[in-house]
Structures are given as structure tokens and as C-alpha cells.
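What the coordinates show
Take a look at the letters that make up each chain.
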Amino acid sequence: MSKHSLLQEFRTIAAIKNPAKRGYNLERFMVNLFRFYHFQTTPNAGAAKPRQVDLFATRDTESYLIETKWRSDKSGIDDIDSLRSRLRRVPAHVTGLLVSIGGFSETVIADLATNTAQPVILLSGGELEQILLDRESLLRLLHRKKEALLAHGTVLLDAALMQTMSARSRKSAAVLPVSPAEFMWPDGHRSRVLDCRGEFGQFVFAREIPDIDWMPAAGFGVALDLYPKIYGEQSLLDLIDTLSNLGWVTGQACWSIQQASQNWHGLGAAEFATALPRWAERAAHDDSHHSEECCYTDVCDGGFYTLTANLAAHQSRLVSMVNLSFQLQGIPLDLSPLMQLCKAVGVHEAVHFRPLHSRSITRSERFPLRSQTDIEVVAYVVQHDDFDLLLDPDRDAQSTTTMRPAEWVTGIVIRNPLFGKSAPAEMDPDLRPLQSSELIICNLAHHHPLGYERVTYYADRVECARSINAQLFAVSCNWNPADLQGRIRDLTPCDSMRERDQTYNETPGDHMDLEQ
């Protein structure tokens, strides 16, 4: 059975003049439709004895008591009362579904919105046609209708379906996690976004790439690729909200937005949600393209995930090629969190785990610099450590209430010595996308307190991982004191550091003297 054959069956029923025969054939059609979506169906079920129902359908934990109507007039409150009388005779988890080709009266819609103790959802003839024309999924439609009714007391029907969901999602946006890290420039300016010259290419600098293959068992990890039907910028931001509401967003999120000649790199989901709508500022750059690409990544239980999309760089903000890709150690024993996520983002069909054929992370022992003097530090990645406290020298040194979190340099931003140049012959092909960014965000293998005196940075290694549409880079650097005296001073915070901290609290525009 195919969608095309179901559409033909529906159109044949529509041509039947006899109301009784048309109603009987509609019942059979609904059986075939629900079987197409892999429901276990029972026509003329006796679940609500002594009364019969047109259809009882079950799939996993979802159960529906279904009544069908094909009349010239709209279904009214008597039809709802009849279905509710049957619902009272079945388990509480069963949802009522009233299918009416002729539509529903306003009284029905108002009654359902205020009486959700026995939930009943509605399916119109127009919505059935959308399903049969493959413009909507029955599973996704039922889930959205049920969620809107139980969570918000809203009856979603026909044209109001998209409008109501869009308005509600904007109203209930999640409070997204803010990255604990931020970029700091030598003049003291701070931000969680930096921009630089660059090119298209869906890659991102990650603070951490979990090694999904770091385990004693043989074999490699698995991937789960989801393709939500998202066509606008607001819907893409709603997807981030949904991930956050279900616990999939952390403070470790990193992202990038690429234009034809400019890149923006950022830290944290909150900053991504703020930056994405600022397309006009990005499009104002010279040589800007009519579209832009975004790449977002975060860690999760058992691995990490990426979110990639293409967006129009004009007022429409049309979105295409949205992919949510999970890279995991293996297939989780408890699939309920992933199943809940799939339902929440509207992906109910064609969801499969795909075994990976090689290690997730490829490593290059050294970043291909011509020499260590090629490292030119542009900015620092700084982060507070709430467990490492500094005494305020202007207050009582014995009181813990006067102590404040220390701030550490956890990474550096360096100028890319390969940008705009031909790649060295020995360069790993996996690293070639790094050439497209003027700046590189590096993670320090060993952190040092903000304000330490002169240190020298050197490149360590690069880790690279891929999802189906994105590439992640974790570039690692380390540091040494510039001289022997510096090695001794590095054991404890220097006086100038305390002076810097005091000055920073008073005036944010200070200067950091680190040897490059």
C-alpha cells in the first residue's frame, strides 16, 4: 500500500453519493491509513462495550478511539458527547479522535478546549488531504494536536494549526544556557562572539570533542541523523529551544556562521539565538552572498551532536538542508530520551541508527605551522573557576565572604598562518577546512590564571571529528614561562595580577601583556 493508492481510495469515496455507503467506506479507509503508519488496528472494536466504535488503533504507547463522520453538515456537540461516552469505558491513556470530512462547529472547538480530562482531538477532511499529498505526517499531526490540547488547552485545526504553533513557540522561548567562557582581547574588551575573514564551510571550533570510541569494547560508534521539516529562522530557533527544554543543551555549545568572505564564531546557545537574527549586519559586508551557513555543536550523554542549516541572507530568512546529527558510543539501552526528542522536533518516521565504519576522531600530532613563532595571539578565552577563590586585597583577608572566583585563561585565539596560502604537502586532508578561517580558536592543555606575566604559547595537536554535514576541530595549544625567573613566579599569582584584577573591576579597558 502506498500514499498514492490511499489518495486514490479517498477520492473514490468522495464520489459516492449514498451517505451510508460513503461513511462505511470512510471507516475502511481510516483502517488502511493507520495501518500504513504501522498502527495495530481493530475495526468495529468492542473496547467500549456495550457500545461499538469505528476503529481502535494502537502504536507503542499511543492508543486512539476513532469515530468517523462524512456528512454534508459539520460535526456538533452530540458527536463529541457520543465519543466521550465511549472513552469513559476505556483506560485513561486512550485519546479520542473524531474525523469529520465536513468540519466541526465552533461549539465543538470551544468545548474541547475547556474539557481536557478526556482528551479528544479533531481531524478534518482538509488535513487528511494534506497527509495524503505527503505535505504532512499523520504521526506528527496527531502528536502536535495532542500536545497543544494537553499542554496549552488549544485545539489545532486546519489553517490555525501553523499559526497557533508559531505564535506559541515565540511566546514560550526557553531560557538558554550561557557559556561560562568568553573571548577577551588585550585591550580588555569581552564578548562571546568573534568575527574574522573566512569562507563557506560548515565547521566549528569545539571546546571539547568527546571520544565516542574510547572504550575497551571492539567496534566503532553509531550515528543518528534527523531531518526536521524547518523552513524559517524562527522555527530553527524553536528547535534550539526544544533541545534546551528536553535537556540537550549545555554551557559547552559552540557555533559558527559562515558567509562568502566572513565568519562568525561563538560560545553558548544563548549567544547563538541572539546572533542568528542579525543577518542584515552580516550581509552588509563586502562580497556577501545571498545565503549563509550555520553549524552548532554541543556535548550530550554518550557523545555529541551537530546542527547544520542553510539560511537566506534576506528578509524571508528561508531555511533549507537542516540536519541534526548525533554521534554516540552505541545504541542506548534507554531510547526514551531520543524518542521524546524525535517526537518533539516532528520526526516520527525513517529514524535509524547508522553504524560508523571508522574512529570518530582523527588526530594530528602537530598543527602544521612552519615554526612556533607563527603563533600570533589575538585574544584569550577566559573563564571563572568558582572553586578557586582569590582574596580581595582591599578587604579582610580572613573572611571567605570577601573571596571571589579566580579567572583562568582556558584558550587562545590565534591568527591562522595558513589562511589564504597553499596547504603544506604533508598537511592531513581532514585539516584542510581550517584554511578557510582567518582566526583559529585553540584550547589550552594546561590553563593558567588571567594576569600571569610573560608566557610563550606553542602548538600541540589537532583533533577532528565529523558528522554527516559538519566538521569539528579541537585545536590544542600549551604554554611555557618565558624565562627561568618566570617559571618560579608562575607557582603563585604575581603582584601585577592582583593589580590587574583590581584595575579590571574598576575599568574594563585594561591591557594584557603576554609575549606572543
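Residues numbered from 1 in each chain as written. Predicted model: local features only at pLDDT ≥ 70, side-chain atom pairs only at ≥ 80, totals over all residues. Heavy atoms only, no water.

Considering the environment of Pro-180
The residue Pro-180 is located in the loop between α7 (160-171) and β6 (181-184) in this model. Given a relative accessible area of 38%, Pro-180 falls into the partly exposed group. Linking Pro-180 and Arg-192, residues twelve residues apart in sequence, is a C-alpha distance of 9.5 Å. Apart from residues no more than four positions distant in its own chain, Pro-180 is found in contact with Gly-251, Gln-252, Val-382, Gln-383 and His-384. (Helix = DSSP H or I, 4+ residues; strand = E, 2+ residues; numbered from the N terminus. Buried < 20%, exposed > 50% of the residue type's maximum accessible area, 1.4 Å probe, protein only. Contact = heavy atoms within 4.5 Å.)

What to know about the environment of Met-1
With respect to the helices and strands, the residue Met-1 is situated in the segment before α1 (3-14). According to the relative accessible area criterion, Met-1 is exposed, its value standing at 61%. In the structure, Met-1 is positioned 34 residues away from Arg-35 in sequence and 9.3 Å away in space, judged by C-alpha atoms. Leaving out residues up to four positions away in the same chain, Met-1 has contacts with Leu-6, Asn-32 and Phe-36.

A look at the pairing of strand β4 (residues 95-100)
Summarising burial for β4: six of the six residues are buried, a large majority. Residue alternation in β4 divides its side chains into two sets, Thr-95, Leu-97 and Val-99 and Gly-96, Leu-98 and Ser-100, and both sets are buried. Direction of pairing for strand β3 (residues 62-69) relative to β4: parallel, over a ladder of six bridges. Considered in β4, the bridge of Tyr-64 is made with Thr-95. Viewed along the sheet, the connection from β3 through helix α3 (residues 77-87) into β4 turns out right-handed. As defined by bridge partners, β4 adjoins strand β5 (residues 120-124) across five bridges and the pair is classed as parallel. Its bridge partner lying in β5, Leu-98 is registered against Leu-122. What joins β4 to β5 is helix α4 (residues 106-114), and the crossover it makes is right-handed. (Pairing = 2+ DSSP bridges. Right-handed = clockwise from strand over helix to strand, strands pointing away.)

Quick notes on the sheet that holds strand β16 (residues 353-355)
Pairing is antiparallel in the open sheet, where eight strands are placed in the order β8-β12-β11-β13-β14-β15-β10-β16. Strand pairing shows two members of the sheet lacking a second neighbour, β8 (193-197) and β16, which therefore form its edges. With strand direction ignored, the average angle separating the axes of adjacent strands in the sheet is 20 degrees. Bridge count between strand β14 (residues 303-312) and strand β15 (residues 319-328): eight bridges; the pairing is antiparallel. Within β15, the position partnered with Leu-307 by the bridge is Leu-324. (Axes fitted to C-alpha atoms, helices over the stretch in contact; angles between N-to-C directions.)

Description of the packing of helix α2 (residues 19-36) against helix α5 (residues 125-132)
Between two packed helices, the angle of one axis relative to the other and the distance separating the axes together describe the packing. Their axes nearest at 13 Å, the elements α2 and α5 cross at an angle of 45 degrees. Judged by the inter-axis angle, α2 sits oblique to α5. Like other packed secondary-structure pairs, α2 and α5 cross with a definite hand, here left-handed. Contacts from Phe-29, Met-30 and Leu-33 in α2 reach Leu-128, Ile-131 and Leu-132 in α5. (Parallel < 35°, antiparallel > 145°, perpendicular 65-115°, else oblique. Left-handed = near helix turned anticlockwise from the far one by under 90°.)

Spatial relationships are all this shows, so hold off on functional conclusions.
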